[in-house]
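Okay, here's what each chain looks like letter by letter:
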Amino acid sequence: MKFQWSLLFGLLFALMIALFAVYNVGAVPVDYVFGTAEWPLILVILGSALLGALLSGSVAIYRSFFLSRKVKNLEKELGKREASIGVLQTELDAQQENRISGAGDLVIVKDENKTI
């Protein structure tokens, strides 16, 4: 549903830009670093909109790629930690079983180093 709304707003925005560009067809001077040229305003508007869309799209793709790599690394680290927790839990269970089975045996230790 979110994609549909985004698509609808994108189409409306593109329609507004196209209408704006069609009503502005006069030639305008475009200054470059190395010179000046006369371009129809419709091409300047559409070119600017296209360049902005390409720039924002490439930034979004880069960010998506970076975040997906980060998610993969975090999932890998989570798997390692879960395995470590499983091993430690097994060792803890084994130690608790040893305590329970050895609880019946009472061990008395005398301290021979104690001076009276």
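Predicted model only: the values in this text are computed from it and were never measured. (Residues numbered from 1 in each chain as written. Predicted model: local features only at pLDDT ≥ 70, side-chain atom pairs only at ≥ 80, totals over all residues. Heavy atoms only, no water.)

## Section: the overall build of the protein chain
Okay, so step 1: The helix and strand tally for the protein chain stands at two helices and two strands.
Okay, so step 2: In sequence order, the secondary structure elements of the protein chain are arranged as α-β-β-α.
Okay, so step 3: Sorting the 116 residues of the protein chain into buried and exposed places 3% on the buried side.
Okay, so step 4: At a minimum sequence separation of 6, the contacts of the protein chain that also span at least 24 residues come to 19%.
Okay, so step 5: For the protein chain, the exposed area adds up to about 11000 Å²; of that, 67% sits on carbon and sulfur atoms. (Helix = DSSP H or I, 4+ residues; strand = E, 2+ residues; numbered from the N terminus. Buried < 20%, exposed > 50% of the residue type's maximum accessible area, 1.4 Å probe, protein only. Contact = heavy atoms within 4.5 Å. Areas by Shrake-Rupley, 256 points an atom, 1.4 Å probe, with all protein chains shown as cover.)

## As for the packing of helix 1 (residues 2–23) against helix 2 (residues 41–101)
Okay, so step 1: In the contact formed by helix 1 and helix 2, the axes pass within 8 Å of each other and the chain directions differ by 160 degrees. It follows that helix 1 is roughly antiparallel to helix 2 by the angle criterion. With respect to the hand of their crossing, helix 1 and helix 2 are arranged in right-handed fashion. Listed contacts from helix 2 to Ile-17, Phe-20, Ala-21 and Val-22 of helix 1 are Ile-42, Ile-45, Leu-46 and Ala-49.
Okay, so step 2: Residues belonging to the contact of helix 1 with helix 2 are distributed by class as follows: eight nonpolar, no polar and no charged. (Axes fitted to C-alpha atoms, helices over the stretch in contact; angles between N-to-C directions. Parallel < 35°, antiparallel > 145°, perpendicular 65-115°, else oblique. Left-handed = near helix turned anticlockwise from the far one by under 90°. Nonpolar A, V, L, I, M, F, W, Y, C, P; charged D, E, K, R; others polar.)

## Quick look at a nonpolar patch on the surface
Okay, so step 1: Side chains of Met-1, Trp-5, Leu-8, Phe-9, Leu-12, Leu-15, Leu-19 and Tyr-23 sit close together on the surface and give an oily, nonpolar patch of about 930 Å² of accessible area.
Okay, so step 2: Structurally, Tyr-23 can be placed in helix 1.
Okay, so step 3: Among the residues examined, Tyr-23 registers a relative accessible area of 68% and is labelled exposed. (Patch = residues over 30% accessible without salt bridge, like charges linked within 9 Å, V, L, I, M, F, W, Y side chains within 5 Å. Salt bridge = Lys/Arg side-chain N within 4 Å of Asp/Glu carboxyl O.)

## Some details on the confidence of the model for the protein chain
Detailed reading of the predicted coordinates is not advisable wherever pLDDT is low.
Okay, so step 1: Across the protein chain, pLDDT averages 85, with 87% of residues at or above 70.
Okay, so step 2: The lowest-confidence element of the protein chain is helix 1, averaging 84 in pLDDT; the highest-confidence one is helix 2, averaging 91. (pLDDT = per-residue confidence, 0-100.)

## Section: the pattern of salt bridges
Okay, so step 1: Applying the stated criterion across every chain yields a total of one salt bridge.
Okay, so step 2: The shortest N-O distance in the salt bridge between Arg-81 and Glu-77 comes to 2.8 Å. In this pair, Arg-81 and Glu-77 both sit in helix 2, four residues apart, roughly one turn of the helix.

## Structural notes on the packing of aromatic side chains
Okay, so step 1: Summed over the entire model, instances satisfying the criterion amount to two aromatic pairs.
Okay, so step 2: Plain terms: the ring middles of Tyr-32 and Phe-34 are 5.5 Å apart, the flat faces sit at 5 degrees to each other, and that makes the pair stacked.
Okay, so step 3: Residue class for Tyr-32 comes out partly exposed when judged on its relative accessible area of 36%.
Okay, so step 4: Take Phe-34: its relative accessible area is 76%, and that puts it in the exposed class. (Phe/Tyr/Trp six-rings, centres within 6.5 Å; stacked < 30°, edge-to-face > 60°.)

## Concerning the environment of Ala-49
Okay, so step 1: With respect to the helices and strands, the residue Ala-49 is situated in helix 2.
Okay, so step 2: Taking relative accessible area as the criterion, Ala-49 reaches 28% and is therefore assigned partly exposed.
Okay, so step 3: Between the C-alpha atoms of Ala-49 and Ala-14, which are 35 residues apart in sequence, the distance is 8.8 Å.

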